[in-house]
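Survey of secondary and tertiary structure
Residues per chain are reported as follows:
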Amino acid sequence: MASITFKGNTINTSGTLPEVGSLAPDFTLTKSDLSDTTLADYKGKKVVLNIFPSVDTGICAASVRAFNAKASEVDNTVVLCISKDLPFAHKRFCEAEGLSGVVPTSQYKNNTFEDAYHVSMVEGPLAGLFSRAVVILNEDGKVVYTEQVPEIAQEPDYEKAIAAIS
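Predicted model, so just to flag it, every value in this text is computed and none were measured.

**Here's the deal with the sheet that holds strand E9 (residues 143-148)**
Strand order in the open sheet formed by seven strands is E4-E3-E7-E6-E5-E8-E9, with mixed pairing between adjacent strands. A single partner strand is all that each edge strand has here, and the edge strands are strand E4 (36-38) and E9. Averaged over all neighbouring strand pairs, the angle between strand axes comes to 30 degrees, with direction disregarded. Each of strand E3 (28-31), strand E6 (77-83) and strand E7 (103-106) touches helix H2 (residues 87-97); the most contacted strand, E7, lies at about 160 degrees to it.

**Quick word on the layout of surface pockets**
To find leftover empty space, a probe the size of one water molecule is rolled over the atoms. Taken as a whole, the largest pocket holds about 160 Å³ of empty space. Its residues placed into classes, the lining of the largest pocket shows five nonpolar, three polar and five charged.

**Looking at the side chain of Ser-54**
On the secondary structure map, Ser-54 appears in the loop between strand E5 (46-51) and helix H1 (58-70). Overall, the relative accessible area of 14% leaves Ser-54 in the buried class. A polar contact is formed between the side chain of Ser-54 and the side chain of Asp-85, at a distance of 2.8 Å.

**Section: the packing of aromatic side chains**
With the rule as written, the count across this model stands at four aromatic pairs. With 5.3 Å between their ring centres and 80 degrees between their planes, Phe-27 and Phe-113 make a pair best called edge-to-face. In this pair, Phe-27 is assigned in the loop between strand E2 (9-12) and E3 and Phe-113 in helix H3 (residues 112-117), connecting sequence segments 86 residues apart. In this structure, Phe-27 and Phe-113 share a single accessibility class: buried. On the basis of an interplanar angle of 55 degrees and a centroid distance of 5.7 Å, the ring pair of Phe-113 and Phe-130 is categorised as tilted.

**A closer look at the pattern of salt bridges**
The final tally for this structure, using the stated rule, is three salt bridges. Asp-36 is the salt-bridge partner of Lys-109, the closest N and O atoms lying 3.4 Å from each other. With a gap of 73 residues between them, Lys-109 in the loop between E7 and H3 and Asp-36 in strand E4 connect regions that are remote in the sequence. Here Lys-109 falls in the partly exposed class, since its relative accessible area comes to 47%.

**Topic: the confidence of the model for the protein chain**
With 97% of its residues at a pLDDT of at least 70, the protein chain reaches an overall mean of 89. Averaged over each element, pLDDT in the protein chain is lowest for H1 (72) and highest for E9 (97).

**Some thoughts on helix H4 (residues 158-165)**
Within the span of H4, buried status applies to Tyr-158, Ala-161, Ile-162 and Ile-165. One face of H4 carries all of its buried residues, which in axial projection span an arc of 95 degrees. Away from its buried face, by an angle of more than 90 degrees, H4 presents the exposed residues Glu-159, Lys-160 and Ala-163.

**Brief notes about the nonpolar core**
One finds Leu-49, Ile-51, Leu-80, Phe-113 and Tyr-117 to be the most contacted residues of the largest nonpolar core, which totals 22 residues. Those elements that provide at least two residues to this core are E5, E6, H3 and strand E8 (133-137). With 21 residues, the next largest nonpolar core counts Val-48, Phe-67, Phe-93 and Tyr-158 among its residues.

**So, the pairing of E6**
Of all seven residues that make up E6, seven are buried, and the element is covered over most of its length. Every second residue of E6 is oriented toward a common face, with Thr-77, Val-79, Cys-81 and Ser-83 on one face and Val-78, Leu-80 and Ile-82 on the other, all of them buried. Pairing between E5 and E6: six bridges, direction parallel. Paired with Ile-51 across the two strands is Ile-82, which belongs to E6. By the bridge criterion, four bridges tie E6 to E7 in an arrangement that is parallel.

How each quantity is defined
- Residues numbered from 1 in each chain as written.
- Predicted model: local features only at pLDDT ≥ 70, side-chain atom pairs only at ≥ 80, totals over all residues.
- Heavy atoms only, no water.
- Pairing = 2+ DSSP bridges.
- Helix = DSSP H or I, 4+ residues; strand = E, 2+ residues; numbered from the N terminus.
- Axes fitted to C-alpha atoms, helices over the stretch in contact; angles between N-to-C directions.
- Contact = heavy atoms within 4.5 Å.
- 1 Å grid on protein atoms, 1.4 Å probe; cavity = no way out; pocket = protein on both sides within 12 Å on 5 of 7 lines; lining within 4 Å.
- Points joined across faces, edges and corners; volume = space filled by probe spheres on them.
- Nonpolar A, V, L, I, M, F, W, Y, C, P; charged D, E, K, R; others polar.
- Buried < 20%, exposed > 50% of the residue type's maximum accessible area, 1.4 Å probe, protein only.
- Polar contact = N/O pair within 3.5 Å; in protein donor to acceptor, adjacent residues only side chain to side chain.
- Phe/Tyr/Trp six-rings, centres within 6.5 Å; stacked < 30°, edge-to-face > 60°.
- Salt bridge = Lys/Arg side-chain N within 4 Å of Asp/Glu carboxyl O.
- pLDDT = per-residue confidence, 0-100.
- Arc of directions from axis to C-beta.
- Core = buried A, V, L, I, M, F, W, Y, C linked by side-chain atoms within 4.5 Å.

Okay, structure coming up:
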């Protein structure tokens, strides 16, 4: 388990993120058009996994906006925004914000992401939702960077994440 905090109170996740240097585990997520997507769909690309509790919170929304602006400008890179929000919420948010540089995805139908990346909070008021984390994969599907954000109310370190894909 990883220990993080929510407003200063310690909570745990279901495990730890994949290790840097390891091959990224595959998963199936649902895009906002209700089609399934897997890690194999992005073979040969750098992949940013922007993981968060809910797009309907300020910091989660900020991370989607930031990765849309920063990472989508890096050649051969795709940004997957991943939460348990329904695909309709992701679509509504991205359309309202005019965001087209990210791929909004949901784990509402299939638990393969949660099982492989161990980001579910197992206690506290947000238990069952994903913690805030970033995982970066290279073109070969290897993990080159991870950040388990230590405080849910804190944004990820965008500069370190972008440096890992540049």
